[in-house]
Amino acid sequence: MTTTLITGANKGLGLETARQLIAAGHTVYIGARDTERGRRAAEQLGARFVQLDVTDDASVQAAAKTVEAEGGLDVLVNNAGIEVRGPDNAIPTAADTTADEMRTVFETNVFGVVRVTHAFLPLLQRSTAPVVVNVSSGLASLTGLSDPDSPAHFYPAIAYPSSKTAVNMVTVQYAKAFPGMRINAVEPGFTATDLNGRTGTQSVEEGAEIIVRMAQTPPDGPTGGYFDAKGSLPW
């Protein structure tokens, strides 16, 4: 049976991804910072719970030891992420962006991905079909944000899209370093979650579809790519 860990999985896309992968036959770990919320989500779905704060080395290392002791890991979904919003869900402008804001967003969205991936690499390398899915964003595309005809062009913030572009680069480099793994970045689409104040235009069921699909990438499937539900995306 395939064993999967999803970070930030007590709500939103992470929770729905867990639900769909359990339905597909995976044994799923709900990774969450908040123990009470994480346990409740795991009980709701019939998943396992592991306390995991992607910004904390000790938490991540402890989670890796727990998963190792319980049998190992085949699939890692780096889903945990944050986006800074202002009063009334306002998106910060370039003029408002500070180094501290950038650092906060990168700590979760980029360093968290590296921290978790690094900790779980030894377990993934023991799997016969290891897969890593990094949840990126359409806002990570330099092509999209620089194209006046793209809806993404009008997103004004700096920290969030920059962090997701970095996630795409991390994905490419890990994929080259570990050719025996299938490591890809995905764009779920503009999904209504707490991240964006529930302003998204699609459901979590729709958004999770590409995450779930890529979590089931076979050993001969793509790696080092950037995908949405329709196919490959421009970097």
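Residues numbered from 1 in each chain as written. Predicted model: local features only at pLDDT ≥ 70, side-chain atom pairs only at ≥ 80, totals over all residues. Heavy atoms only, no water.

Draft legend 1. Summary view of the pattern of salt bridges. The tally for this structure, following the rule as stated, stands at nine salt bridges. Across the pair E36 and R40 runs a salt bridge whose closest N-O atoms are separated by 2.9 Å. In this pair, E36 and R40 are both assigned in helix 2 (residues 35–45), four residues apart and thus about one turn of the helix distant. By relative accessible area, E36 is classed as exposed at 56%. We classify R40 as partly exposed; its relative accessible area is 47%. For R126, the salt bridge goes to E68, with nearest N and O atoms at 3.0 Å. Placement of the pair is R126 in helix 5 (residues 111–126) and E68 in helix 3 (residues 57–69), with a sequence separation of 58 residues. A residue is classified by how much of its surface remains accessible, and R126, at 56% relative accessible area, is exposed. Looking at E68, the relative accessible area reads 38%, which means it is partly exposed. (Salt bridge = Lys/Arg side-chain N within 4 Å of Asp/Glu carboxyl O. Helix = DSSP H or I, 4+ residues; strand = E, 2+ residues; numbered from the N terminus. Buried < 20%, exposed > 50% of the residue type's maximum accessible area, 1.4 Å probe, protein only.)

Draft legend 2. Molecular detail of the sheet that holds strand 3 (residues 48–51). Ordered by their spatial adjacency, eight strands build an open sheet running 3-2-1-4-5-6-7-8, and the pairing between neighbours is mixed. Of all strands in the sheet, those with a lone pairing partner are strand 3 and strand 8 (231–232), marking the two edges. Bridging between strand 5 (residues 131–135) and strand 6 (residues 182–186) involves five bridges; their strand directions are parallel. Residue pairing across strands places V135 opposite V186, the latter belonging to strand 6. Contacting strand 1 (3–6) and strand 2 (27–32), helix 1 (residues 12–23) crosses the sheet at an angle of about 170° to strand 1. (Pairing = 2+ DSSP bridges. Contact = heavy atoms within 4.5 Å. Axes fitted to C-alpha atoms, helices over the stretch in contact; angles between N-to-C directions.)

Draft legend 3. Local environment of the environment of R37. Within the secondary structure layout, R37 lies in helix 2. Residue R37 is classed as partly exposed on the basis of its relative accessible area, which comes to 48%. Sequence separation between R37 and N10 is 27 residues, and the spatial gap between their C-alpha atoms is 6.3 Å.

Draft legend 4. Highlighting the packing of aromatic side chains. Evaluated as defined, the whole model comprises three aromatic pairs. Taking the centre distance of 5.3 Å and the plane angle of 20° together, the rings of Y226 and W235 count as stacked. Y226 sits in the buried class, given a relative accessible area of 2%. (Phe/Tyr/Trp six-rings, centres within 6.5 Å; stacked < 30°, edge-to-face > 60°.)

Draft legend 5. A look at helix 4 (residues 99–109). For helix 4, the full list of buried residues reads E101, V105, F106, T108 and N109. Within helix 4, the buried residues cover an arc of 165° as seen down the axis, which keeps them to one side. Seen from the open side of helix 4, the exposed residues pointing more than 90 degrees away from its buried face are A99 and D100. The inward-facing, buried residues of helix 4 contact helix 5 and helix 7 (159–177). (Arc of directions from axis to C-beta.)

Draft legend 6. Broad picture of the nonpolar core. Core analysis: the largest hydrophobic core is formed by 28 residues, its most contacted members being L5, L52, L73, L76, V116 and F120. Listed by contribution, the elements that provide at least two residues to this core are helix 3, helix 5 and helix 7. Of all the elements, helix 5 adds the most residues to this core, at seven residues. Not counting the four nearest positions on each side in its chain, L52 is found in contact with L5, T7, G31, A32, R33, S59, V60, A63, V116 and F120. Residues L21, V131, I211 and M214 belong to the second largest nonpolar core, which totals 27 residues. (Core = buried A, V, L, I, M, F, W, Y, C linked by side-chain atoms within 4.5 Å.)

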